[in-house]
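A closer look at the structure
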Amino acid sequence: MNAENKRILIIGGVAGGATCAARMRRLCETCEIVVFERGPHVSFANCGLPYFVGDVIESEAKLLVASPELFKHRFNIEIHTETEVTRIDRQARLIEVRDLKTGAARKEPYDALVLATGAQPVRPPLPGIDLPGVYVLRNIPDSRKIKAAAAHASRALIVGGGFIGLEMAENLVGLGLDVTLLELADQVMPPLDPEMAGYAAERLKANDVKLRLGEGVEAFEQLPERGLSVRTSKGATLATDLVILGIGVRPESTLARDAGLELGDLGGIRVDAYQRTSDAAIWAVGDVVEVKNRITQQWQLVPLAGPANRQGRVAATAILHHFLCSDAETRPPLAFEGVLGTAVCEAFGLTIACTGANEKQLKRTGMDFEKVYLHPGHHASYFPGARPIHIKLLFSKADGRVLGAQAAGELDVARAIDVIATAMMEEASVFDLEDLELCYAPQFGAAKDPVNVAGMVAANHLRGDLQLANWDELGSTAALLVDVRSEAEYASDHIPNSQNIPLESLRDRLQELPRTQEIWLICGVGQRAYYAYRLLKQNGLQVKVLSGGMQTHLAWRRANDGKGVHRP
């Protein structure tokens, strides 16, 4: 078998489909490559859409990554926009397509077929959801509609507190709108654990976003004059001029299902490590496929551009390998081995990022893990402009393997998470993190980089140099709580029933501490409590540290308010 004159058809463009087409051409000059895109644009920056709505990106043209003309003249790839594929005939290796401008239908043969049909916004069957003024944001035409509506609006309601919800809240506030955000869960940013998501919630509220957690939408109604009335699950009625639905996406896998391809439990197409579906002549990439989580080994949906681009490269390589190699035992040189779900979002100057599994996922899968919190400055504290990064690191109790990380802050958050994600791709442990050699100059970082410090704290615990108390047990513990901050810090805010013994006087007051009762230590961010821990441990006392100190306590308290959890 050879690749000469083979015909590769790709259904869908944007990240996965367009990347697959371009790489396919780089690998095979003699193949015929044709892309069918239902929308008007084959390759555009959908991650930039909220910022186009908010006039941060002023020109729509900036969103266009590549035009059909560029694909034709640079790559000799045929692009058919506004063309819908309506059916796949696997036995005949044909697809049926319809020109949306003329209505004309035709059949197209293929030697290899790639499905990059993406995902579609979730629109639950609520009364009034199809009324004018209720929008989703998935493509450039969607952004035009929202931009036009926002120009004549004073109020906006966003349903959903994920990435799109936060970015749209920031941009609509920037346009001068009064913004309300509804989220059915009790936290924003579902990929984060509640105490880490709280940093984002506080930033939203500080910028006048009316945040309503634990509250969903039940119905939309048209108001007599203008605008909409939104009825919520808590019985409230909210008036607004426009609604943005940001409650997630689902794989657009109807073509695959109708063709009899294997789908997963989440509705995405099941593929192997080379993006091949259950049909040997069909591959699939991007938001339409289910992917394996590298940590939990569970199937999940990860509608992110990075994985979609990598999958496009893998699929193109595998297709050429299929054409050239008759030996079924020889594997293609590129494989897609799952995702960590590394992601980042910014809202009102706060960056929120994560990688790997969160605590909720680890508990569901029964993995034995530990966690540490820290709040280091993003660069040396003596250099002007240092800002804290709030970090949560999750790791295996058995061997210290890093399982996940979450971070929030104003500067260098993405860098810290990217470093940890890179280490996780090599199955690194916390011992590896503490030994990483990273850039240092005072304006860029610290001699002990935040990632190093995260590794050091976790490694200290695994080596037995630091025993950790469990924040979840704070309301029920019989331990004596000792706050080692200064008297002034303690007076400003402290955990009820805690005793204040400043670190500097601890050696002189050892006789005040019990030897038969466990002692939990708390400070501002964890450092002084660790110093106190080492002192008390070497004096024979039973001690543990509440990781991350009062900074973590504040985050924990915010996350548990109103849940019926004891608030210490």
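Every chain is numbered on its own, with residues counted from 1 as its sequence reads. With pLDDT at 70 or above as the cut-off, local features in this predicted model cover only qualifying residues; side-chain atom pairs require 80 or more to be listed or tallied, and sums for whole chains, interfaces and linings still use all residues. Working from all heavy atoms in the structure, the side-chain values ignore hydrogens and water.

Describing the sheet that holds strand β13 (residues 178-183)
- We treat two strands as partners when DSSP finds at least two bridges between them. A run of H or I in DSSP counts as a helix once it spans at least four residues, and a run of E counts as a strand once it spans at least two, with each numbered from the N terminus. Here five strands make up an open sheet; going across it, the order is β11-β18-β12-β13-β14 and the pairing parallel. This sheet does not close on itself; its edge strands, each paired only once, are β11 (134-136) and β14 (210-213). The average undirected angle you get between the axes of adjacent strands in this sheet is 20°.
- Where strand β12 (residues 155-159) meets strand β18 (residues 242-245), four bridges bridge the pair, whose relative direction is parallel. From the neighbouring strand, V159 faces β18, where its bridge partner is L245. Note on geometry: axes are lines fitted to C-alpha atoms, helical ones only across the stretch in contact, with angles between N-to-C directions running from 0 to 180 degrees.

Some points on the sheet that holds strand β31 (residues 543-545)
- The four strands lie next to each other as β29-β28-β30-β31, forming an open sheet whose pairing is parallel. The open sheet has two free edges, formed respectively by β29 (499-500) and β31, since each of these has just one partner strand.
- Here three bridges tie strand β30 (residues 519-522) to β31, and the two strands are oriented parallel to one another. Within β31, the residue paired with W520 across the bridge is K544.
- Sheet strands touched by helix α14 (residues 527-537): β30 and β31. Its angle to β31, the strand with the most contacts, is close to 170°. Any two residues whose heavy atoms approach within 4.5 Å at even a single point are treated as in contact.

Thoughts on the packing of helix α6 (residues 194-206) against helix α15 (residues 549-560)
- Running from amino to carboxyl end, α6 crosses α15 at an angle of 85°, the nearest separation of the two axes being 8 Å. When the axes of α6 and α15 are compared, the pair comes out roughly perpendicular. Residues P194, E195, G198, Y199 and E202 of α6 form the contact with α15, whose own contacting residues are Q551, A555, W556, R558 and A559.
- Its residues assigned to classes, the contact of α6 with α15 comprises five nonpolar, two polar and three charged. Roughly parallel means an angle under 35 degrees; roughly antiparallel means over 145; roughly perpendicular covers 65 to 115; every other angle is labelled oblique. Charged means Asp, Glu, Lys or Arg here, nonpolar means Ala, Val, Leu, Ile, Met, Phe, Trp, Tyr, Cys or Pro, and polar covers whatever is left, Gly included.

Re helix α12 (residues 450-462)
- Look at α12: 19 Å from first C-alpha to last across 13 residues, which is about the 18 Å you get at 1.5 Å a residue.
- The set of residues buried in α12 consists of P450, V451, N452, A454, G455, A458, A459, N460 and H461.
- Residues of α12 that are buried sit in contact with β25 (369-374), β26 (389-396), α10 (413-425), α11 (430-434) and α14.
- In protein, a polar contact means a hydrogen-donor-capable atom and an acceptor-capable atom, both N or O and within 3.5 Å, with residues adjacent in sequence counting only if both atoms are side-chain atoms; elsewhere, any N or O pair within 3.5 Å suffices. Regarding α12, its N-cap is D449, as a side-chain oxygen of that residue lies 2.9 Å from the backbone nitrogen of V451 further along. By definition here, a helix of n residues has an expected span of 1.5 Å times n minus one. Buried, partly exposed and exposed residues are distinguished by accessible area as a fraction of the type maximum, computed with a 1.4 Å probe on protein chains only: under 20%, between the cut-offs, and over 50%, respectively.

Some points on the pattern of salt bridges
- Definition used for salt bridges: Asp or Glu carboxyl oxygen within 4 Å of a side-chain nitrogen of Lys or Arg. Taken as a whole and judged by the stated rule, the model has 41 salt bridges.
- Between E32 and R7 there is a salt bridge, and its shortest N-O distance comes to 3.1 Å. You can see E32 sitting in strand β2 (residues 32-37) and its partner R7 sitting in strand β1 (residues 7-11), a full 25 residues away along the chain.
- Overall, the relative accessible area of 15% leaves R7 in the buried class.
- Bridged by salt links that share partners, the residues D193, E195, E359, K363, K371, K392 and D472 form one connected network.

Topic: the state of the cysteines
- Note on terminology: disulfide denotes any pair of cysteine sulfur atoms within 2.5 Å. Enumeration over the complete set of coordinates arrives at one disulfide.
- Left unpaired, C345 is separated from the closest cysteine sulfur, that of C354, by 9.9 Å.

A closer look at the side chain of N460
- Within the fold, N460 resides in helix α12.
- The class for N460 is buried, based on a relative accessible area of 17%.
- Ignoring anything within four residues of it in the chain, the contact list for N460 reads D465, L466 and Y530.

Some remarks on the packing of aromatic side chains
- Working definition: rings of Phe, Tyr and Trp (its six-membered ring) pair if their centres are within 6.5 Å, and the pair is stacked with planes under 30 degrees apart, edge-to-face with planes over 60 apart, and tilted otherwise. Counted according to the given criterion, the structure contains two aromatic pairs.
- Taken together, a centroid distance of 6.0 Å and an interplanar angle of 45° make the contact between F71 and F75 tilted. Residue F71 and its partner F75 are both found in helix α3 (residues 68-75); the two are separated by four residues, about one turn of the helix.
- Plain terms: the ring middles of Y530 and Y531 are 6.5 Å apart, the flat faces sit at 45° to each other, and that makes the pair tilted.
- Overall, the relative accessible area of 24% leaves Y530 in the partly exposed class.
- For Y531, a relative accessible area of 44% translates into the label partly exposed.

As for the side chain of Q300
- Here Q300 is to be found in strand β22 (residues 299-300).
- A relative accessible area of 18% places Q300 in the buried class.
- Among the polar contacts listed, one links the side chain of Q300 to the side chain of N293, at a separation of 2.6 Å.

Focus: the pairing of strand β9 (residues 112-115)
- Alternating residues of β9 divide into A112 and V114 and L113 and L115, and every residue in both groups is buried.
- Bridging between β1 and β9 involves four bridges; their strand directions are parallel. The residue bridging L9 from the neighbouring strand is L113, located in β9.

With respect to unusual backbone geometry
- Backbone geometry at V14 places phi at a positive 55°, although glycine is not the residue there.
- Mapped onto the elements of the fold, V14 is located in helix α1 (residues 14-27).
- Located in the positive-phi region is N497, a residue other than glycine, with phi close to 75°.
- Along the polypeptide, N497 turns up in the loop between α13 (487-492) and β29.
- The class of N497 is exposed, set by a relative accessible area of 76%.

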